[in-house]
Amino acid sequence: MSCQSRRHFLKTTSLAAGAVALTSALPLKASQQAATEWVTLGKSNVKVTRLAFGTGSMSGKVQRDLGQEDFTKLVRYAYDRGIRFYETAESYGNMHQMLGVALKGLPRDSYRIMSKVTTKPGIDPQQKFDELRKLANTEYFDIMLLHWQHTDTWPADTVRWQDGIMEAQHRQAIVSHGASMHGLPALRQAPQMPWLDVAMIRMNHKGVSMDAEDYNTQGLGNVPEVVTHVKRVKKNNAGVISMKLVGEGTFNREDRQAAMKFAFRNAGVDAVTVGYKNTAEIDEAIENLNAPFS
């Protein structure tokens, strides 16, 4: 895709935020609408709202259990509140379909969709991307991530999928790309990978459901090392989106506030995704994200 056509496709560009020191809090511009402000994800040039609508709580079960009607109402409530960034994945059951129905009729250039593809062998990437686009009722995905990369060899293991994403970008089925990583061995590869435009990294102040040597550990993650990798990724001008801001649903209100503050002020992430099951959780997430910028 040419630079000119890509700019037209994205419709907007801006500068990426710089890296910040690990030992100090990030100085943030005061704003009462921080959660719904549009920010650029590094060299991807994709603009998203800082707060995303996640559809993967308990692998999507929480959202699926709402049923289509109530899920649509929740998506539209978030949209009306200014959340215009929606996140899903191939592994979240039928969430592509439910999201496609929920967003039907809204101007496509008024929101962004990020999907994540499971990098299985023996599958044609183009066929899979087209299948997911059809399910989500969208002509293109703003961001496509290689999902659940959890080994230190993932950059070499997924070359076929990386090439597939680039081909899909050329035909404008995908705008930008990256990976979601689980475990320190996988995360350590991110700062040295030029291909990475967007990184999805788990983040909270307590290390709950965060990265450790064992990607599947039941213990706490290594928060200082994860933050170090976030800053190194951003130094390479890649955007960072964080997840696990509510500790897999285990955090109380105080910890949810602290996690949001830590993600932006200490780690310096660009955006976060949170899963919701009711409007009160959306309102709280907006308030929690606005607080560090106030």
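Up top is the structure these notes are about.
(A) Quick peek at the packing of aromatic side chains. Summed over the entire model, instances satisfying the criterion amount to 7 aromatic pairs. Where Phe129 meets Trp161, the ring centres are 6.0 Å apart and the plane angle is 75°; that geometry is what we call edge-to-face. Linking Phe129 in helix 5 (residues 125-136) with Trp161 in helix 7 (residues 159-170), this pair joins segments that are 32 residues apart in sequence. Relative to Phe293, the ring of Phe264 has its centre 5.5 Å away and its plane inclined at 65°; by these criteria the two rings are edge-to-face. In this pair, Phe264 sits in helix 10 (residues 253-267) while Phe293 sits in the segment after helix 11 (279-290), placing the two residues 29 residues apart along the sequence. For Arg84, the ring lying beneath its charged end belongs to Tyr79, and the centroid distance is 3.6 Å.

(B) Fine view of the pattern of salt bridges. Evaluation of the coordinates by the stated rule reveals 20 salt bridges. Residue Arg81 pairs with Asp283 through a salt bridge whose shortest N-O separation is 2.4 Å. Here Arg81 is found in helix 3 (residues 67-81), whereas its partner Asp283 is found in helix 11, with 202 residues between them in sequence. With its nearest N and O atoms 2.6 Å apart, the salt bridge here joins Arg256 to Glu284. Within this pair, whereas Arg256 is found in helix 10, its partner Glu284 is found in helix 11, the two being separated by 28 residues in sequence. In the salt-bridge network here, residues are joined through shared partners; they are Arg253, Arg256, Glu284 and Glu287.

(C) Looking closely at the packing of helix 5 against helix 7. Relative to each other, helix 5 and helix 7 sit at 55°, their axes nearing to 9 Å. Between helix 5 and helix 7, the interaxial angle falls into the category oblique. Helix 7 is crossed by helix 5, and the crossing has right-handed handedness. Facing helix 5, whose interface residues are Pro125, Gln126, Lys128 and Phe129, helix 7 presents Arg160, Trp161, Gly164, Ile165, Glu167 and Ala168. A breakdown of the residues in the contact of helix 5 with helix 7 according to their chemical character gives 5 nonpolar, 2 polar and 3 charged.

(D) Representation of the pairing of strand 6 (residues 141-149) within the structure. For strand 6, the tally of buried residues reaches 8 of 9 residues, placing the bulk of the element in the interior. Across 4 bridges, strand 5 (residues 112-117) lies against strand 6 in parallel orientation. Within strand 6, the position partnered with Met114 by the bridge is Ile143. For the crossover that starts at strand 5, traverses helix 5 and ends in the parallel strand 6, the hand is right-handed. Bridge analysis of strand 6 against strand 7 (residues 174-181) gives 6 bridges, and the strand direction is parallel. Counterpart to Ile143 in the pairing with strand 7 is Ser176.

(E) How the structure looks around the sheet that holds strand 5. One closed barrel accounts for 8 strands, arranged 3-4-5-6-7-8-9-10; its pairing is parallel. Pairwise comparison of adjacent strand axes, ignoring direction, gives a mean angle of 30° for this sheet. Packed on one face of the sheet, helix 3 meets strand 3 (51-54) and strand 4 (85-87) and runs near 175° to strand 3. With respect to the sheet, helix 9 (residues 223-235) is in contact with strand 8 (198-202) and strand 9 (239-243), its orientation differing from that of strand 8 by roughly 170°.

(F) Quick peek at the side chain of Thr88. Counting through the fold element by element, Thr88 comes out in the loop between strand 4 and helix 4 (95-103). What Thr88 contacts, discounting residues up to four positions off in sequence, is Thr55, Met95, His96, Leu99, Met114, Ser115 and Lys116.

(G) Fine view of the nonpolar core. The biggest cluster of nonpolar side chains holds 72 residues, and the ones touching the most others in it are Leu51, Phe53, Met181, Met203, Val272, Tyr276 and Leu289. At 6 residues, the largest contribution of residues to this core is made by helix 10. When near neighbours in sequence (up to four residues on either side) are disregarded, Leu289 contacts Ala34, Ala35, Arg50, Leu51, Met260, Phe264 and Val272. Among the nonpolar cores identified, the runner-up in size contains 16 residues, and Leu41, Leu145, Val198 and Ile241 belong to it.

(H) Broad picture of helix 10. Taking 1.5 Å per residue as the helical rise, helix 10 with its 15 residues ought to reach 21 Å, and the 20 Å between its terminal C-alpha atoms agrees with that figure. Inspection of helix 10 places Asp255, Ala259, Met260, Phe262, Ala263, Phe264 and Ala267 among the buried residues, and these make up the whole buried set. Packed against the buried residues of helix 10 are helix 9, strand 10 (271-275) and helix 11. By the N-cap criterion, in which a side-chain oxygen at the helix start approaches the backbone nitrogen of a residue two or three places on, helix 10 is capped by Asn252, the distance to Glu254 being 3.2 Å.

Calculation notes
Within each chain, residue numbers correspond to sequence positions counted from 1 in written order. Predicted model: local features are reported for residues with pLDDT of at least 70 only, side-chain atom pairs are reported and counted for 80 or more only, and whole-chain, interface and lining totals are derived from all residues. For the side-chain quantities, the full set of heavy atoms in the structure was used; hydrogens and water were omitted. Note on aromatic pairs: the rings of Phe, Tyr and Trp (six-membered ring only in Trp) are paired at centre separations within 6.5 Å, and the planes decide the class, stacked below 30 degrees, edge-to-face beyond 60, tilted for the rest. In this description a helix means any DSSP run of H or I spanning at least four residues, a strand means any run of E spanning at least two, and both kinds are numbered starting from the N terminus. Two limits define a charge over a ring: the Lys NZ or Arg CZ must be within 6 Å of the ring centre, and within 35 degrees of the ring normal. Criterion for a salt bridge: a side-chain nitrogen of Lys or Arg within 4 Å of a carboxyl oxygen of Asp or Glu. Inter-axis angles, ranging from 0 to 180 degrees, are taken between N-to-C directions of lines fitted to C-alpha atoms, where helices are fitted over the stretch in contact. If an angle is under 35 degrees, it is roughly parallel; if it is over 145, roughly antiparallel; if it lies from 65 to 115, roughly perpendicular; otherwise it is oblique. The handedness criterion is simple: a crossing whose near helix is rotated anticlockwise from the far helix by less than a right angle is left-handed, and one whose near helix is rotated clockwise is right-handed. In this description, contact between two residues means that some pair of their heavy atoms is separated by no more than 4.5 Å. The residue classification treats Ala, Val, Leu, Ile, Met, Phe, Trp, Tyr, Cys and Pro as nonpolar and Asp, Glu, Lys and Arg as charged. All others, Gly included, are polar. In this scheme, a residue with accessible area under 20% of its type's maximum is buried, one over 50% is exposed, and one in between is partly exposed, where area comes from a 1.4 Å probe on protein chains only. The pairing criterion is simple: DSSP has to find at least two bridges between the two strands. Classification remark: right-handed applies to a crossover when, strands pointing away from the viewer, the course from the first strand over the helix to the second runs clockwise. Throughout this description, the term nonpolar core refers to a set of buried Ala, Val, Leu, Ile, Met, Phe, Trp, Tyr and Cys residues connected via side-chain atoms within 4.5 Å. Expected span of a helix: the number of residues minus one, times 1.5 Å. Nitrogen and oxygen atoms within 3.5 Å of one another constitute a polar contact, given that in protein one can donate a hydrogen and the other can accept it, and given that sequence-neighbouring residues count only through two side-chain atoms.

That is the geometry; function is a separate question.
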